[in-house]
Amino acid sequence: MSKIIKISDYLDLITVQHATQPNYIAYCTAFLDMIQAGCDVLYSFDTVFNLSTATGDALDKLAYIAGISRVLPIDDPDIPSSLSDDMLRLLIRSKIKQNHWNGTLAGWMEILQVIFPESAFDVIDNQNMTVNVTIIDPSFDDEKIALLMNGYLLPKPSGVRLVYTVIDSALFGWDTNTAFIKGWDEGEWATT
C-alpha cells in the first residue's frame, strides 16, 4: 500500500524562516518518521473498517467511534432491541453527517439526500420556527420511520418544530410510472 501523504509533503509546509535551519528540518524529519507507521495504520483503517462493507463487531466499533450503539435507549415497539447491520449502517452515516452539519437548510437537505438516496422529499421552511418534511418512499418500513420520528436520522435545529409526513406508497399521477408516481391501479389519490 502506498502512503497517501509523504514526509516531504509536510516538510514542504515549513515556513521560509525555518526551512533553512538544518537542525529544525532534521527534528521534523525524525518526528515524522516516528509517526509515519501510525499514519499508515490510520490510512489503512478505511480498508479494514469500511462502513459500506463492515458487519458485526467491526460495524459496532465504527458505531462506537461515531458515538452511537446498536442498542438504542428508547422504548418504541417499531425499533427492535438490537438494530440490524443495515439499519446501524444507516444510523452511522446519519450521525457522521449530523456531526458535520453546518446548521443551514441547504446542509440539512444534503443530509436528507445522503440518508434517503432513493426517496423523493420536500422540505418547506414555514418561516415560523416550523419545518414540514415530506418523504415519499414505498420501501420505507416501520423501523426506519420510527428512527426518523425519534430523532435518530436527521438533526433537529434548536427551537424548531419538525413535522414529518412519510408516504410509503406511490402517489397517483398521469402518464408517469416511477417508484414514486404510479397510474390508476397502483397510485394513491391522497395521503393521510
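Residues numbered from 1 in each chain as written. Predicted model: local features only at pLDDT ≥ 70, side-chain atom pairs only at ≥ 80, totals over all residues. Heavy atoms only, no water.

K.L.:
Explain the nonpolar core residue by residue, including any values.
P.N.:
Of all hydrophobic cores here, the largest spans 35 residues; its most connected members are Ile92, Trp108, Phe116, Leu148, Leu153 and Leu154. Of all the elements in the fold, those that place two or more residues in this core are α4 (56-66), α5 (85-99), α6 (105-115), β2 (130-136), α7 (142-149) and β3 (161-167). Beyond its immediate chain neighbours, meaning those up to four positions away, Leu153 contacts Leu90, Leu91, Ser94, Gln98, Ile111, Ile115, Phe116, Lys144, Leu147 and Leu148. (Core = buried A, V, L, I, M, F, W, Y, C linked by side-chain atoms within 4.5 Å. Buried < 20%, exposed > 50% of the residue type's maximum accessible area, 1.4 Å probe, protein only. Helix = DSSP H or I, 4+ residues; strand = E, 2+ residues; numbered from the N terminus. Contact = heavy atoms within 4.5 Å.)

K.L.:
Can you explain the side chain of Asp137? Please cite residues and give values.
P.N.:
Along the chain, Asp137 turns up in the loop between β2 and α7. An unpaired buried charge is present at Asp137: no salt bridge exists, and Lys144, the closest side chain of opposite charge, is 4.8 Å distant. Reaching out from Asp137, the side chain makes a polar contact with the side chain of Ser119 at a distance of 2.6 Å. (Lys, Arg positive; Asp, Glu negative; His and termini not counted. Salt bridge = Lys/Arg side-chain N within 4 Å of Asp/Glu carboxyl O. Polar contact = N/O pair within 3.5 Å; in protein donor to acceptor, adjacent residues only side chain to side chain.)

K.L.:
Would you mind going over α6 in detail, with residue names and values included?
P.N.:
An α-helix turns once every 3.6 residues. As a result, residues three or four positions apart point the same way. Listing the buried residues of α6 in full gives Gly107, Trp108, Ile111, Leu112 and Ile115. All buried residues of α6 project into a common sector of 150 degrees when viewed along the axis, lining one side. (Arc of directions from axis to C-beta.)

K.L.:
I'd like a rundown of the sheet that holds strand β1 (residues 120-125), residues and numbers included.
P.N.:
Overall, mixed pairing links the three strands, which are arranged β1-β2-β3 in an open sheet. Edge strands, defined here as strands with exactly one partner in the open sheet, are β1 and β3. Taking each pair of neighbouring strands and ignoring which way they run, the sheet shows an average axis angle of 15 degrees. Direction of pairing for β1 relative to β2: antiparallel, over a ladder of six bridges. Bridge pairing links Ala120 to Ile136 in β2. Strands in contact with α6 are β1, β2 and β3; relative to β1, the strand with the most contacts, it is inclined by about 160 degrees. Across the sheet, α7 lies against β2 and β3, angled at about 170 degrees from β3, the strand it touches most. (Pairing = 2+ DSSP bridges. Axes fitted to C-alpha atoms, helices over the stretch in contact; angles between N-to-C directions.)

K.L.:
Talk me through the packing of α5 against α6; I want residue IDs and the actual numbers.
P.N.:
Remark: α5 packs on α6, axes separated minimally by 10 Å, with the N-to-C direction vectors making an angle of 165 degrees. Considering the angle they form, α5 stands roughly antiparallel to α6. The handedness of the crossing between α5 and α6 comes out as right-handed. Residues Leu90, Arg93, Ser94, Lys97 and Gln98 of α5 form the contact with α6, whose own contacting residues are Glu110, Ile111, Val114 and Ile115. (Parallel < 35°, antiparallel > 145°, perpendicular 65-115°, else oblique. Left-handed = near helix turned anticlockwise from the far one by under 90°.)

K.L.:
If you had to explain α7 to someone new, which residues and values would you point to?
P.N.:
Burial of α7 is extensive: six of the eight residues sit out of reach of the surface. Where α7 is buried, its residues contact α5, β2 and β3. Looking one or two residues past α7, Gly151 carries a phi angle of roughly 85 degrees, positive in sign.

K.L.:
Explain unusual backbone geometry to me, using residue names and the numbers behind them.
P.N.:
The phi torsion at Gln127 lies on the positive side, around 60 degrees, for a residue other than glycine. Note that Gln127 resides in the loop between β1 and β2. Unusually for a residue other than glycine, Met129 sits at a positive phi of about 70 degrees. If you trace the backbone, Met129 turns up in the loop between β1 and β2. Judged by its relative accessible area of 48%, Met129 falls in the partly exposed class.

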